[in-house]
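# Structural overview for review
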Amino acid sequence: MGKLQRLPDRHRTSLAGGATLASSASPAAAITVRGLGKAYATSAGEPIQAVSQVSFDVAVGEFVSIVGPSGCGKTTVLRILAGLVDGYVGSVSIGGRVVHGPTPDIGVVFQDANLMPWRTVLANVTLPGQVLRLEPKACRQRARELLALVGLAGFEAKLPGELSGGMRQRAAIARALLHDPRILLMDEPFGALDAMTRDAMNVELARIASQAGKTVFLITHSIAESVFLSDRVLVMSSRPGRILAEIEIDLPRPRNLDVVADSRFANTVLHIRRLLEQTGGNPRVTLAH
Amino acid sequence: MTATTEASPLPPKRRLSNAQRQVVSDLALTATLCVSAIATWQALVSFGIVSRLVLPLPSSIPASLASLIDSGALLDNLLTTLAEAAAGFTIATGIGLALGALIAEFRVVERIVYPYLIALQTMPKIALAPLLLVWFGFGLGSKIAVAAVISLFPILVNTIAGLKSCEPGRLDVLRALGAGRWDCFRLVKLPNALPFVFAGLSTAVMFALTGALVGEFVGSTQGLGYLIVQANNLMDIPGVFAVLAVLCVVGTAIFGAMQFARRKVLYWAPNEE
Ligand SMILES: Nc1ncnc2c1ncn2[C@@H]1O[C@H](COP(=O)(O)OP(=O)(O)OP(=O)(O)O)[C@@H](O)[C@H]1O
Ligand SMILES: [Mg+2]
């Protein structure tokens with residue numbers, strides 16, 4: 001993972017399914033979703049269909065983003081992938097295995113930072129290490145590096161209450177990376193950031209993902225961000241969410257921010273925007289950040 | 001606090017901040033109110049408007065207090081009452097936290113125990129004091145029991161509320177890693193519940209003191225409650241007031257200690273006051 005040290009091998013093997021999963025998932029799909037549908041029971045009584053007939057794959061090492069109007073079911077899909085929601089139809093597998101619950105192969109960045117207010121920033125980032133029984137010293141070392149990576153060096157001893165929203169979100173990203181998961185699920189991780197920091201974080205995420213060969217599934221409201229980061233962009237319809245289109249982004253890698261000047265970039269962004277305008281719904285999707 | 005600021009004759013005049021000035025003026029007002037209340041009281045009694053059998057002269061209370069201290073009666077009985085309250089509070093804390101955790105974590109336990117909890121909670125626990133005297137005897141046991149019974153509920157109710165108030169998003173962070181139930185409890189739910197638990201403990205510690213006193217009222221040969229009843233029976237009203245003054249100081253000290261402990265343990269939580 002770039003300039004970051006990996007955790008010592010003996011700790012990696014302690015991540016139960018981790019080692020086996022990677023070996024079984026040859027060039028195959030890291031994530032497979034077939035005919036996924038999910039209805040929530042509402043307090044009013046009649047169920048509300050969040051997503052229906054959603055199918056897609058994410059290959060190992062691929063970066064896939066999903067864009068769609070607010071409330072179309074993006075978070076629902078992500079939570080199902082993370083093993084946090086059941087009672088859905090269709091099939092979902094991670095690394096060739098049907099999802100039966102959460103697995104530490106996945107790192108999740110939630111839509112809200114969800115830091116523990118009683119833990120310092122550093123202790124929040126090392127939390128996954130405590131759950132997965134990793135060696136505390138190695139965790140702290142790695143947490144420091146990750147915090148530096150997301151631009152929070154010097155804030156290790158602060159409490160979350162003393163951070164801004166964007167800083168909390170960045171701490172949550174560092175936390176999701178602590179146990180070096182092969183798959184990253186990110187739910188609008190940069191929503192609370194200013195444009196400049198967001199650009200910097202995008203570049204950093206692209207670097208982490210490509211250097212560490214991570215599989216990333218990213219939800220975003222920024223079309224530009226999705227095009228900049230992804231190998232493929234899934235466009236989702238308004239509720240009940242379906243996949244309207246899958247758009248390959250064949251801009252060369254590594255990409256830097258100059259790519260926005262590329263005409264292919266601009267055309268792709270425009271194309272996705274048109275698709276989203278057709279589906280209607282709440283236009284929370286923006287062209288730029 | 002005012003004493004030190006006013007008494008320090010340091011030449012480099014330390015300017016008081018606005019906040020400090022506010023505190024000083026608040027304290028001055030409180031002191032003025034206190035002095036004028038006591039002066040009014042003294043006047044009412046010394047001019048015979050209120051009988052000395054009802055209210056003692058404020059000036060007679062220090063003498064009463066001094067004689068209680070000199071005879072050693074105050075310290076002995078104070079320690080007895082404090083020991084009873086502390087024992088009752090400790091028992092209530094143990095049971096309240098354990099039972100609260102079981103009820104919040106296990107639906108079965110909740111379903112079985114909850115009806116009894118509601119029934120017991122709506123009953124005034126003080127009414128049990130005479131019964132507890134019969135069950136646990138005339139000694140310290142019955143006082144500890146009363147203190148425990150009435151201080152149990154604030155702890156229990158707050159522990160349950162605190163454990164159940166956990167934001168689902170915070171639990172998701174752990175659940176997404178495949179964390180077990182125990183990890184979720186110890187790493188998220190329990191710390192999350194602490195502000196509630198502390199609010200419960202602060203109420204409970206005062207209830208425990210009340211419980212010990214009531215236990216002593218019902219039947220005892222020692223403790224501050226016994227002193228009050230005895231002085232009352234002898235129409236020694238200054239004596240009653242002397243004990244009340246001591247209780248006032250004790251209560252304030254306990255409250256201060258709880259606030260201190262709260263700041264230490266809940267450094268991360270904004271103060272509820
Ligand atoms: N736990 C739940 N109970 C009931 N309905 C829910 C629940 N979670 C989501 N929904 C509904 O499902 C739909 C999809 O929600 P979801 O959070 O997946 O949307 P989203 O695409 O992530 O939206 P946003 O972009 O605003 O975050 C919404 O209409 C929402 O009201
Ligand atoms: Mg969402």
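Everything below is about the structure shown above.
Residues numbered from 1 in each chain as written. Chains lettered and ligands numbered in written order. Predicted model: local features only at pLDDT ≥ 70, side-chain atom pairs only at ≥ 80, totals over all residues. Heavy atoms only, no water.

### Some thoughts on the nonpolar core
- Counting 144 residues, the largest nonpolar core has Ile31, Phe56, Leu81, Leu185 and Phe217 of chain A together with Leu174 of chain B as the members making the most contacts within it.
- It is helix α9 (residues 181–218) of chain B that contributes the most residues to this core, 14 residues altogether.
- Contacts of leucine 81 of chain A, omitting those with residues within four sequence positions, involve Ile31, Val33, Phe56, Val92, Ile94, Val99, Ile106, Leu185 and Phe217 of chain A.
- Judged by nonpolar contacts, the second largest core, of 5 residues, contains Leu132, Ala145, Val146 and Val214 of chain B. (Core = buried A, V, L, I, M, F, W, Y, C linked by side-chain atoms within 4.5 Å. Buried < 20%, exposed > 50% of the residue type's maximum accessible area, 1.4 Å probe, protein only. Helix = DSSP H or I, 4+ residues; strand = E, 2+ residues; numbered from the N terminus. Contact = heavy atoms within 4.5 Å.)

### Details of the side chain of histidine 179 of chain A
Residue and element names in this part refer to chain A.
- Mapped onto the fold, histidine 179 is located in the loop between α7 (165–177) and β7 (183–187).
- A residue is classified by how much of its surface remains accessible, and histidine 179, at 1% relative accessible area, is buried.
- Reaching out from histidine 179, the side chain makes a polar contact with the backbone oxygen of isoleucine 106 at a distance of 3.2 Å. (Polar contact = N/O pair within 3.5 Å; in protein donor to acceptor, adjacent residues only side chain to side chain.)

### With respect to the coordination of the magnesium ion (ligand 2)
All names here are of chain A.
- On the protein side, the magnesium ion (ligand 2) has Thr75 (OG1) and Gln111 (OE1) as donor atoms, found 1.9 to 2.4 Å from it. You can see threonine 75 sitting in helix α3 (residues 74–81) and its partner glutamine 111 sitting in the loop between β6 (106–109) and α4 (121–125), a full 36 residues away along the chain.
- Taking relative accessible area as the criterion, glutamine 111 reaches 32% and is therefore assigned partly exposed. (Donors = N, O, S within 2.8 Å, 3.2 Å for Na, K, Ca; no water.)

### A few points about the packing of aromatic side chains
- Evaluation of the coordinates by the stated rule reveals 4 aromatic pairs over all chains.
- Ring geometry for phenylalanine 56 of chain A against phenylalanine 217 of chain A: centres 5.5 Å apart, planes inclined by 5°, an arrangement best described as stacked. Here the residue phenylalanine 56 of chain A occupies a position in strand β2 (residues 48–59), and phenylalanine 217 of chain A occupies one in strand β8 (residues 215–219), the gap between them amounting to 161 residues. The same class applies to phenylalanine 56 of chain A as to phenylalanine 217 of chain A, namely buried.
- Sitting above the plane of the phenylalanine 153 of chain B ring, lysine 125 of chain B keeps its charged end 4.3 Å from the centroid.
- Taking the ring centre of phenylalanine 138 of chain B as reference, the NZ or CZ of lysine 143 of chain B above it sits at 5.5 Å. (Phe/Tyr/Trp six-rings, centres within 6.5 Å; stacked < 30°, edge-to-face > 60°. Lys NZ or Arg CZ within 6 Å of the ring centre and 35° of its normal.)

### Observations regarding the site of ligand 1
All names here are of chain A.
- Taken together, 15 residues surround ligand 1, and among them Ser70, Gly71, Lys74, Thr75 and Thr76 come closest.
- Contact distances for ligand 1 include 3.2 Å between an oxygen atom and a side-chain N or O atom of arginine 239.
- Relative to its free-state accessible area of 640 Å², ligand 1 is covered by the protein chains to the extent of 67%.
- Counting residues per element, the ones that place at least two in the shell around ligand 1 are β2 and α3.
- A total of 3 residues in the shell around ligand 1 trace back to one element, the largest contributor, which is α3.
- Class assignment for the residues of the shell around ligand 1 results in 4 nonpolar, 7 polar and 4 charged. (Near = heavy atom within 4 Å. Areas by Shrake-Rupley, 256 points an atom, 1.4 Å probe, with all protein chains shown as cover. Nonpolar A, V, L, I, M, F, W, Y, C, P; charged D, E, K, R; others polar.)

### A few points about the sheet that holds strand β10 (residues 243–248) of chain A
All names here are of chain A.
- An order of β6-β7-β8-β3-β9-β10 is seen for the 6 strands of this open sheet, with the pairing classed as mixed. Across the chains shown, the open sheet's two edge strands, defined by having one partner strand only, are β6 and β10. Put simply, the sheet's adjacent strands are angled 15° from each other on average, direction ignored.
- Sheet topology places β7 next to β8; 5 bridges connect them, and they run parallel. Its bridge partner being in β8, aspartate 187 is matched across the sheet by isoleucine 219.
- Sitting on the sheet, α3 is in contact with β3 (63–67), β6, β7, β8 and β9 (232–236), with an inclination near 150° to β8. (Pairing = 2+ DSSP bridges. Axes fitted to C-alpha atoms, helices over the stretch in contact; angles between N-to-C directions.)

### Examining helix α8 (residues 195–211) of chain A
All names here are of chain A.
- Between its first and last C-alpha atoms α8 spans 24 Å; for 17 residues at 1.5 Å apiece the expected length is 24 Å, and the two agree.
- Considered for burial, the residues of α8 that qualify are Arg198, Met201, Asn202, Glu204, Leu205, Ala206, Ile208 and Ala209.
- Packing partners of the buried residues in α8 comprise β3, α6 (136–149), α7, β7, β8 and α9 (223–229).
- Positive phi shows up at glycine 213, right after α8, with a value of about 60°. (Expected span 1.5 Å × (residues − 1).)

### Concerning the sheet that holds strand β5 (residues 97–98) of chain A
Residues and elements named next belong to chain A.
- Across the sheet, 4 strands lie side by side as β2-β1-β4-β5; this open sheet has antiparallel pairing. The strands lining the two open edges of the sheet, one partner per strand, are β2 and β5.
- Pairing of strand β1 (residues 29–40) with strand β4 (residues 88–94), which is carried by 6 bridges, proceeds in the antiparallel orientation. What sits directly across from threonine 32, in β4, is serine 93.
- Lying over the sheet, α3 contacts β1, β2 and β4, oriented at roughly 120° with respect to β1.

### Some thoughts on the pattern of salt bridges
Residues and elements named next belong to chain A.
- Evaluation of the coordinates by the stated rule reveals 21 salt bridges over all chains.
- Note that glutamate 246 and arginine 232 form a salt bridge whose closest N and O atoms lie 2.5 Å from each other. Of this pair, glutamate 246 sits in strand β10 while arginine 232 sits in strand β9, and the two are 14 residues apart along the sequence.
- On the basis of relative accessibility, which here comes to 41%, the residue glutamate 246 falls in the partly exposed class.
- Each of Glu62, Arg232, Glu246 and Glu248 takes part in one network of salt bridges that share partners. (Salt bridge = Lys/Arg side-chain N within 4 Å of Asp/Glu carboxyl O.)

### Some points on the interface of chain A and chain B
- Contacts between the two partners involve 22 residues from chain A and, on the opposite side, 19 residues from chain B.
- For the chain A face of the interface with chain B, the top three residues by lost area are Asn114, Trp118 and Val131 of chain A, together amounting to 34%.
- Counting the contacts that link chain A with chain B gives 2 salt bridges.
- Here the residues of the side of chain A that touches chain B sort into 14 nonpolar, 4 polar and 4 charged. (Buried area = accessible area lost by both parts, 1.4 Å probe.)

### Thoughts on the packing of α9 of chain B against helix α11 (residues 237–265) of chain B
All names here are of chain B.
- Close contact between α9 and α11 brings their axes to 11 Å; oriented N to C, the two are set at 160°. With respect to α11, the element α9 is oriented roughly antiparallel. Relative to α11, α9 is oriented so that their crossing is right-handed. Of the residues in α11, those touching α9 at Leu194, Pro195, Phe198, Leu201, Ser202, Val205, Met206, Leu209 and Leu213 are Leu247, Val250, Gly251, Ile254, Phe255, Met258, Ala261, Arg262 and Val265.
- Broken down by class, the residue content of the contact of α9 with α11 amounts to 15 nonpolar, 2 polar and 1 charged. (Parallel < 35°, antiparallel > 145°, perpendicular 65-115°, else oblique. Left-handed = near helix turned anticlockwise from the far one by under 90°.)

### Brief notes about the packing of helix α5 (residues 107–122) of chain B against helix α7 (residues 140–164) of chain B
Residues and elements named next belong to chain B.
- α7 packs onto α5 with a crossing angle of 135° between their chain directions and a minimal axis gap of 12 Å. Our classification of the angle between α5 and α7 gives oblique. The way α5 lies across α7 gives a crossing that is left-handed. Residues Glu110, Leu117, Leu120 and Gln121 of α5 touch α7, and the partners they reach there are Phe153, Leu156, Val157, Ile160 and Lys164.
- Counted by class, the contact of α5 with α7 contains 6 nonpolar, 1 polar and 2 charged residues.

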